[in-house]
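# Breakdown of the fold
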Amino acid sequence: MSSRMVLRCTNSFALFRHKFNGHFFPSIYLIDVSSLTRHVSSTTALSFCQLQASKLHDSPVTVASDVRYGGKQIISVDSALYDYILSNVREPTILRELREETATMRGSHMQVSPDQAQLLAMLVQILGAKRCIEVGTYTGYSSLAVALVLPEGGHLVACERDGKSIEVAKRYYDRAGVSHKVDVRHGLAADTLKSLIQKGEICRYDFAFVDAEKRMYQEYFELLLQLVRVGGLIVVDNVLWHGRVSDPLVNDTKTLSIRNFNENLMEDNRVDISMVPIGDGMTICRKR
């Protein structure tokens, strides 16, 4: 976007931030690119004006504030756009029924979204996975999505500590005809993973999904790295934690745990990673 294009979009830039991309701006009004270049570089000025243009026109586009990314634009997902995304998910009837029943239960926000479940199932299919682990099953939506695409003879270890949630999950496994593929482990996930390691299951799994106690993420990950084979995937949910991970003023225990986990993954040469802004954020890790 050129300076002229920005100016045509906005005409003026009022009430802009005092600080942007590490620069402090004077509190003046009716600012444009040319005026801003008296205070900062033309690149920073243009990037700032792009950001203001998107805000003033209620645009669904968000512009990266860091000029090193070249004014990269991404789509901001509002409720209308998210409804559209969900309308393009191929959700099997049995999964829809489970989702709707779970929506009436306490803690229903813990269930993964249909677009997340669809991605998990596709990853399993692309990988050709036969042996999978899920850490945190809740009522079984994501594990059912995975079990439905596992081949006959496929095996999924589903770890869940809440007995009532397991009852719901098992009922839907039965209805879907996949109970023979799912090995439900009632108890603490870390204990189950350690038990699998002790039984010689090291490097015998193709795929793992983590959506459980956030303060345990690093421990789960270390255990799963032992169980998943080279080339296998570990997918971790809630890595954006409702946006709290990017807010330096939020420092509760769970947020700190996820933030530290994300930072550790960036430096972990044992895996290749890709953080995906779907649902509450998922990081896909491929074991090297």
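So, a few notes on the structure that sits alongside this text. Just so it is clear, the structure is predicted and the values come from calculations on it, not from any experiment.

What follows covers the overall build of the chain. Of regular secondary structure, the chain possesses 11 helices and 11 strands. A buried classification covers 44% of the 288 residues belonging to the chain. Across the chain, the fraction of contacts at a sequence separation of at least 24, relative to all contacts at a separation of at least 6, is 64%.

Turning our attention to helix α7 (residues 141-149). Burial of α7 is extensive: seven of the nine residues sit out of reach of the surface. Restricting attention to buried positions, one finds in α7 the residues Y141, S142, S143, L144, A145, V146 and A147.

Moving on: the nonpolar core. Ranked by internal contacts, the top residues of the largest apolar core, which has 31 residues, are C132, L144, Y173, F207, F209 and V235. The set of elements that each furnish at least two residues to this core consists of α5 (93-102), α6 (114-127), α7, β6 (155-160), α8 (163-176), β8 (205-210), β9 (228-237) and β11 (282-287). A per-element tally of this core places α7 first, with five residues. If we ignore the near neighbours within four places in the chain, the residues touching F209 are V112, L120, I133, E134, V135, S142, V235, D237 and M282. Of all hydrophobic cores here, the second largest spans 28 residues; its members include I197, V210, Y217 and V236.

Okay, the pattern of salt bridges next. Close approach of charged atoms allows side chains with opposite charge to pair. For the structure on display, the rule yields 16 salt bridges. One salt bridge in this structure joins K214 and D211, with 3.2 Å as the shortest N-O distance. K214 gets classed as buried once you look at its relative accessible area, which sits at 8%. Judged by its relative accessible area of 14%, D211 falls in the buried class. A salt bridge links R270 to D268, with the nearest nitrogen and oxygen atoms 2.8 Å apart. With relative accessibility at 12%, the residue D268 sits in the buried group.

We now examine the environment of S87. As for its position among the elements, S87 is in helix α4 (residues 79-87). Under the relative-accessibility criterion, S87 is labelled exposed at 53%. Between the C-alpha atoms of S87 and P114, which are 27 residues apart in sequence, the distance is 9.8 Å.

Turning next to the pairing of β6. Within β6, five of the six residues are buried, which leaves the element mostly enclosed by the surrounding structure. Taken together, strand β5 (residues 131-135), α7 and β6 constitute a β-α-β crossover, and its handedness is right-handed. Sheet topology places β6 next to strand β7 (residues 182-186); five bridges connect them, and they run parallel. Bridge pairing links L156 to V182 in β7. Viewed along the sheet, the connection from β6 through α8 into β7 turns out right-handed.

Another point: the packing of aromatic side chains. Inspection of the entire model under this criterion finds two aromatic pairs. Measuring from ring centre to ring centre gives 5.7 Å for Y217 and F261, while their planes differ by 75°; the resulting arrangement is edge-to-face. Taken together, the residues span a long stretch of sequence, with Y217 in helix α10 (residues 217-227) and F261 in helix α11 (residues 253-266) at a distance of 44 residues. Considered together, Y217 and F261 belong to a single accessibility category, that of buried residues. A ring pair is formed by F221 and F261, whose centres lie 5.7 Å apart and whose planes are at 80°; its orientation type is edge-to-face. Separated by 40 residues along the polypeptide, F221 in helix α10 and F261 in helix α11 bring together distant segments of the chain. When its relative accessible area of 1% is taken as the criterion, F221 is described as buried.

The contact between α7 and α8 brings their axes to 10 Å, and the two run at 25°. The angle between α7 and α8 places the two elements in the roughly parallel class. Seen from above, α7 lies across α8 with right-handed handedness. Along the contact surface, α7 presents S143, L144 and L148, while α8 presents Y172, Y173 and A176. Taken together, the residues of the contact of α7 with α8 break down into five nonpolar, one polar and no charged.

Reading the values: rules and limits
- Residues numbered from 1 in each chain as written.
- Predicted model: local features only at pLDDT ≥ 70, side-chain atom pairs only at ≥ 80, totals over all residues.
- Heavy atoms only, no water.
- Helix = DSSP H or I, 4+ residues; strand = E, 2+ residues; numbered from the N terminus.
- Buried < 20%, exposed > 50% of the residue type's maximum accessible area, 1.4 Å probe, protein only.
- Contact = heavy atoms within 4.5 Å.
- Core = buried A, V, L, I, M, F, W, Y, C linked by side-chain atoms within 4.5 Å.
- Salt bridge = Lys/Arg side-chain N within 4 Å of Asp/Glu carboxyl O.
- Right-handed = clockwise from strand over helix to strand, strands pointing away.
- Pairing = 2+ DSSP bridges.
- Phe/Tyr/Trp six-rings, centres within 6.5 Å; stacked < 30°, edge-to-face > 60°.
- Axes fitted to C-alpha atoms, helices over the stretch in contact; angles between N-to-C directions.
- Parallel < 35°, antiparallel > 145°, perpendicular 65-115°, else oblique.
- Left-handed = near helix turned anticlockwise from the far one by under 90°.
- Nonpolar A, V, L, I, M, F, W, Y, C, P; charged D, E, K, R; others polar.

By themselves, these observations are geometric and do not establish any function.
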